[in-house]
Amino acid sequence: MILAIISMILYTSANGIQISLIKPILDKLLHGEVQEITDLPKIDIDQPVQDQKSSSPARQFKEQVFNKFTFIERVQKRATGSFTSIGIVMAILAPIIFLSSYFQQYFRNLIMWAVVVDIRNKVCDHLLPQPLSFFENRKSGDLLSRLTNDMAVTQSGLTILFDEILLQPMKLICGLVLAFYFSWKLSLFTLIVFPIVFFPVLIMGKKIKKHGKGSLRHLSDLTDALREMFAGIRIVKAFKMEDEESREIHTISERFYKKRLKMVKAKALNTSTSEFVYTLGLAALIAFGGYVVISKKITPGELAGFITATGFMVITSVKKLAKGYASLQESLSGVSRVFELLTIEPDIKDHPEAVHLDRIEEGISFKNVSFSYDGSKEFKLKDICLTIYKGEVIAIVGESGAGKTSLINLIPRFYDPVEGSIEIDGIDIRQIKRESLLSHIAIVAQQTFLFNRSFYENILYGKRDASIADVHAAAQAAHIHDFIMELPKGYDTVVGELGVKLSGGQRQRIAIARAILKNAPILLLDEATSSLDYTSEKLVQDALNNLITGRTTIIVAHRLSTIQHCNRIVVMKHGRIIEVGNHESLMSEEGEYKRVYQLHFNTISL
């Protein structure tokens, strides 16, 4: 920043010196005042002032100031004494202007891009620790739009900040100094223009910011609609909904267009007013300046220098400041939307006295746990009391909406219970560091997510420091290794967005390989085999049987045939636990499990 400001000052000063040379050039051309440097009075500023000892301190100070100004005047006259000396000065200025112009542009863009990257990184770093509820309650398109569209507007604002808002005031000050140097009377007349320019700017600026923020909201809606349309393109085509989706996009685009147009009108009025005042002010300066030249109150060179300094530095800077202020207001609408995200504090975060969990010795206990989403009065879980011992395999079954997934989502603290507590080895998981807690948990979800990366990178997600041999071993345990090796690029094959190039069973086995690689003591399997055909299910079930040995495993099961050998089966209904036992004991009772089991196998036989 310091280097950028120094470069700007040098660049502006060099340009100001260039403009100051207009006066001697024009005066010499019009009046033939080519005075040799040798004819200039010689003043020796080092000569002691006469009777310096007897003069007062005030008089000594005045004489010193006079000598300094005399020195500056002498240097100025020597530099402008002939066309040759003026040419030399211009030649000296050339490399200064070149270097200062280059460095002021380079440094200010370096700062601008560094700030943009820093803001985007900080927003991402701030968003990722947010709980699942944060992302579930927001449109992913809106978040994406804020990190792309709004950041682009923010970047534009930073460009304006370093160009118009920082550089132009320097040019304005330099122009005013030159203007007063050429003619202080005309300069006072020029100052009348300032309030005329900025009055409409301040009025329009508020409207620009308001409409800019509204247009960005509609743009985020458009981004989300497009993301959703492309993500669900198979469904769109399957139900022949192309026309309907197209109409929806057109409607949102029209709303964005109308809001954007209001901002465009405000910006156009602001810019047009600035242009009007600029042209009118320049006309008045030329007319009034011509009068004072005819009246021989200033020389033509002074008038030319004054008009150049005023027209190309003062009024131009004012005009650019007015335009920059309007654009800055527009960018502030994007900045405010980006920084809104930084003000949101995560609901779930480490307790100040949270401890590190070294190992699991006993197990997991649910103690009177009740839970609802977003503080709703409708509980998804109510009074859950359950102890899962170390190494035990527990299956959770029940109808859709019974609360099975909600229950296992509480263990890695994707959500926190509203009432009660969940403990590991007697420690409330809210008192355990989340990083430590999650390092002990591996998850295979029903909806498998794969990144648009290679097989190797997707499996390695389970343990970043694993070796290639470990990745291959995990893939073999998940019975996906042979399939990968048959591909031309093997483990370097890219799976496509969301694993679109793979079947459902193949995607699921990659996710299982990822969990196998993590080798965590707690396994959460949320219908992990639901997407597999019967052949793949047998292969993966064998791998899972080997994996769960000696580990605390909680299985949310849809296919009851896969859970018959679990240590215990927990039956849930309407967010409560209604039965607990093994397969044989539950089948011996006329309860919910027997009813669901018989219904399940009757459906299969059909």
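Here the structure is a predicted model, which means the values were calculated and not measured.

So, the sheet that holds strand β1 (residues 363–371)
Strand order in this open sheet of four strands is β2-β1-β4-β5, and the pairing throughout is antiparallel. In this open sheet, the two strands that pair with only one neighbour each are β2 (381–389) and β5 (427–428). The pairing of β1 with strand β4 (residues 419–424) spans five bridges and is antiparallel. Bridged to Lys367 within β4 is Ser421.

Observations concerning helix α15 (residues 468–477)
Taken together, the buried positions of α15 are occupied by Val471, Ala474 and Ala475. Looking down the long axis of α15, one finds its buried residues gathered within 100° of arc, a one-sided arrangement. Check the buried side of α15 and you find it contacts α14 (455–460), α16 (481–485) and α17 (504–518). Remark: His479 follows α15 within two positions and exhibits a positive phi of approximately 60°.

Some words on the packing of α15 against α17
As a packed pair, α15 and α17 sit with axes 8 Å apart at the nearest point and diverge in direction by 125°. On the basis of the axis angle, α15 is oblique to α17. Remark: the crossing between α15 and α17 carries right-handed chirality. Residues Asp470, Val471, Ala474, Ala475 and Ala477 of α15 form the contact with α17, whose own contacting residues are Ala513, Ile516 and Leu517. Here the residues of the contact of α15 with α17 are counted per class, giving seven nonpolar, no polar and one charged.

Quick notes on the environment of Ile9
For Ile9, the position within the fold is in helix α1 (residues 2–20). For the pair Ile9 and Cys174, spaced 165 residues apart in the sequence, the C-alpha separation amounts to 9.4 Å.

Here we look at unusual backbone geometry
Positive phi outside glycine occurs at Asn368, with the angle close to 50°. Structurally, Asn368 is set in strand β1. Phi angles above zero are rare outside glycine, and Asp383 is one such case at about 50°. Residue placement: Asp383 occurs in strand β2.

Some points on the sheet that holds strand β6 (residues 441–444)
Spatial strand order, β6-β7-β8-β3-β9-β10: six strands in an open sheet with mixed pairing. Edge strands, defined here as strands with exactly one partner in the open sheet, are β6 and β10 (576–581). Each neighbouring strand pair of the sheet contributes to a mean axis angle of 20°, computed without reference to strand direction. As paired strands, strand β3 (residues 393–398) and strand β9 (residues 568–573) are joined by five bridges and run parallel to one another. Looking at the pairing, Ile396 lines up with Val570 of β9.

Notes on the pattern of salt bridges
Counting across every chain of the model gives 13 salt bridges. For Arg247, the salt bridge is made with Glu244, and the minimal N-O distance between the two is 2.8 Å. Of this pair, Arg247 and Glu244 both sit in helix α10 (residues 242–294), separated by three residues, roughly a single helical turn. Under the relative-accessibility criterion, Arg247 is labelled partly exposed at 49%. With a relative accessible area of 38%, Glu244 lands in the partly exposed category. Measuring nitrogen to oxygen at the nearest pair gives 3.8 Å for the salt bridge that ties Glu361 to Arg359. The exposed category is assigned to Arg359, whose relative accessible area is 54%.

Considerations on the environment of Gln598
Mapped onto the secondary structure, Gln598 falls in helix α20 (residues 592–605). Between the C-alpha atoms of Gln598 and Met587, which are 11 residues apart in sequence, the distance is 9.5 Å.

A closer look at the packing of aromatic side chains
Considering all chains together, one arrives at 11 aromatic pairs under this definition. Between the aromatic rings of Tyr102 and Tyr106, the centroid separation amounts to 6.1 Å while the plane-to-plane angle is 5°, which identifies the pairing as stacked. Of this pair, Tyr102 and Tyr106 both sit in helix α4 (residues 83–127), four residues apart, which is roughly one turn of that helix. Tyr106 sits in the partly exposed class, given a relative accessible area of 41%. Ring geometry for Phe103 against Phe107: centres 5.7 Å apart, planes inclined by 20°, an arrangement best described as stacked. Placement of the pair is Phe103 and Phe107 together in helix α4, with a separation of four residues, close to one helical turn. What makes Phe103 partly exposed here is its relative accessible area of 34%. Aromatic rings pair up to connect Tyr102, Phe103, Tyr106 and Phe107 into one cluster. For Lys382, the ring lying beneath its charged end belongs to Phe379, and the centroid distance is 4.4 Å.

Focus on α17
Spacing of three or four residues puts side chains on the same side of an α-helix, whose turn is 3.6 residues. For α17, spanning 15 residues, the distance from its first C-alpha to its last is 22 Å, which sits close to the expected 21 Å at 1.5 Å a residue. With 12 of 15 residues buried, α17 lies mostly within the body of the structure. For α17, the full list of buried residues reads Gly505, Gln506, Gln508, Arg509, Ile510, Ala511, Ile512, Ala513, Arg514, Ala515, Ile516 and Leu517. Looking one or two residues past α17, Asn519 carries a phi angle of roughly 55°, positive in sign.

What counts and what doesn't
Residues numbered from 1 in each chain as written. Predicted model: local features only at pLDDT ≥ 70, side-chain atom pairs only at ≥ 80, totals over all residues. Heavy atoms only, no water. Pairing = 2+ DSSP bridges. Helix = DSSP H or I, 4+ residues; strand = E, 2+ residues; numbered from the N terminus. Buried < 20%, exposed > 50% of the residue type's maximum accessible area, 1.4 Å probe, protein only. Arc of directions from axis to C-beta. Contact = heavy atoms within 4.5 Å. Axes fitted to C-alpha atoms, helices over the stretch in contact; angles between N-to-C directions. Parallel < 35°, antiparallel > 145°, perpendicular 65-115°, else oblique. Left-handed = near helix turned anticlockwise from the far one by under 90°. Nonpolar A, V, L, I, M, F, W, Y, C, P; charged D, E, K, R; others polar. Salt bridge = Lys/Arg side-chain N within 4 Å of Asp/Glu carboxyl O. Phe/Tyr/Trp six-rings, centres within 6.5 Å; stacked < 30°, edge-to-face > 60°. Lys NZ or Arg CZ within 6 Å of the ring centre and 35° of its normal. Expected span 1.5 Å × (residues − 1).

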